[in-house]
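# Structure at a glance
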Amino acid sequence: MKIKLIAIGKTDSKELENLMSIYTNRLTHYVKFEVLIIPDIKNTKNLSESEQKRKEGEAILKQLVTSDILILLDEKGKQFSSVEFSELLQKRMNSGIKNLIFVIGGPYGFSSAIQERANQKISLSKMTFSHQMVRLFIVEQLYRGYTILKNEPYHHQ
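Summarised in this report is the structure supplied together with it. Everything numeric here is computed off the predicted structure, so don't read it as measured data. (Residues numbered from 1 in each chain as written. Predicted model: local features only at pLDDT ≥ 70, side-chain atom pairs only at ≥ 80, totals over all residues. Heavy atoms only, no water.)

## Regarding the packing of helix H3 (residues 82–94) against helix H5 (residues 131–149)
Heads up, the rule is: Where helices are involved, their axes are fitted lines through C-alpha atoms of the stretch in contact, as for all axes, and angles between N-to-C directions lie from 0 to 180°. What counts as a helix is a DSSP run of H or I of at least four residues, what counts as a strand is a run of E of at least two, and both are numbered from the N terminus. Just so you know how the angles are binned, under 35 degrees is roughly parallel, over 145 roughly antiparallel, 65 to 115 roughly perpendicular, and the rest oblique. The contact criterion used throughout is that any non-hydrogen atoms of two residues lie within 4.5 Å. Each residue is assigned to one of three groups, with Ala, Val, Leu, Ile, Met, Phe, Trp, Tyr, Cys and Pro labelled nonpolar, Asp, Glu, Lys and Arg labelled charged, and all others, Gly among them, labelled polar.
The geometry of H3 relative to H5 is characterised by a closest axis approach of 8 Å and an angle of 75° between their N-to-C directions. Here H5 runs roughly perpendicular to H3, going by the angle between their axes. Within the contact between the two elements, H3 uses Ser82, Val83, Phe85, Ser86, Leu89, Gln90 and Met93 and H5 uses Ile138, Gln141, Leu142, Arg144, Gly145, Tyr146, Ile148 and Leu149. When its residues are assigned to classes, the contact of H3 with H5 shows nine nonpolar, five polar and one charged.

Written as structure tokens, this is what we have:
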């Protein structure tokens, strides 16, 4: 299985980029992993929220194939403990899927087309985080999930 994280817009923090690199490198010891950054939509000042979401959704959909399992990181999604999240990863691996795709949307969330295409929605917290920080949090949780599955000492219960 391969895991891909798709996000809208670049990160402007070198510190967050460095931490992302650390956890991405750690994660790739367990699974094929890729981060795909879709550039910010141009001229958003002239677009309504729904039009911006639609354009971001089109850009995301272009990156998917029919067999991809799509999980949206959405504040209204289901919350998991780290152990439960590792169990979700195990179930997805056991199902024989090729690509597990996590998506962080733009500032206004996801278009209806992306919502309809999604296989699942998960929430990292009831709190709101910057999209750049969510990237780091999900990569760290993916790494944590794999260390839990391998019974390695990273996660403490």
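## Observations regarding the pattern of salt bridges
For clarity, the cut-off: A pairing counts as a salt bridge when a side-chain nitrogen of Lys or Arg comes within 4 Å of a carboxyl oxygen of Asp or Glu. Buried means the residue's accessible area, taken with a 1.4 Å probe over protein chains only, is under 20% of the maximum for its type, while exposed means over 50%, and partly exposed covers the values in between.
Evaluation of the coordinates by the stated rule reveals five salt bridges. For Glu34, the salt bridge identified is with Lys2, shortest N-O distance 2.8 Å. Placement of Glu34 in strand E2 (residues 32–38) and of Lys2 in strand E1 (residues 2–8) is noted, with a sequence separation of 32 residues between them. The exposure class of Glu34 is partly exposed, given its relative accessible area of 27%. We classify Lys2 as partly exposed; its relative accessible area is 28%. Here Glu140 makes a salt bridge to Arg144, at a shortest N to O gap of 2.8 Å. Remark: Arg144 and Glu140 occur in helix H5; sequence separation between them is four residues, near one turn of the helix. For the pair shown, Glu140 and Arg144 are each scored as buried. One continuous salt-bridge network, built from bridges that share partners, spans Glu51, Arg54 and Glu58.

Geometric descriptors of this kind do not, in isolation, establish any biological role.
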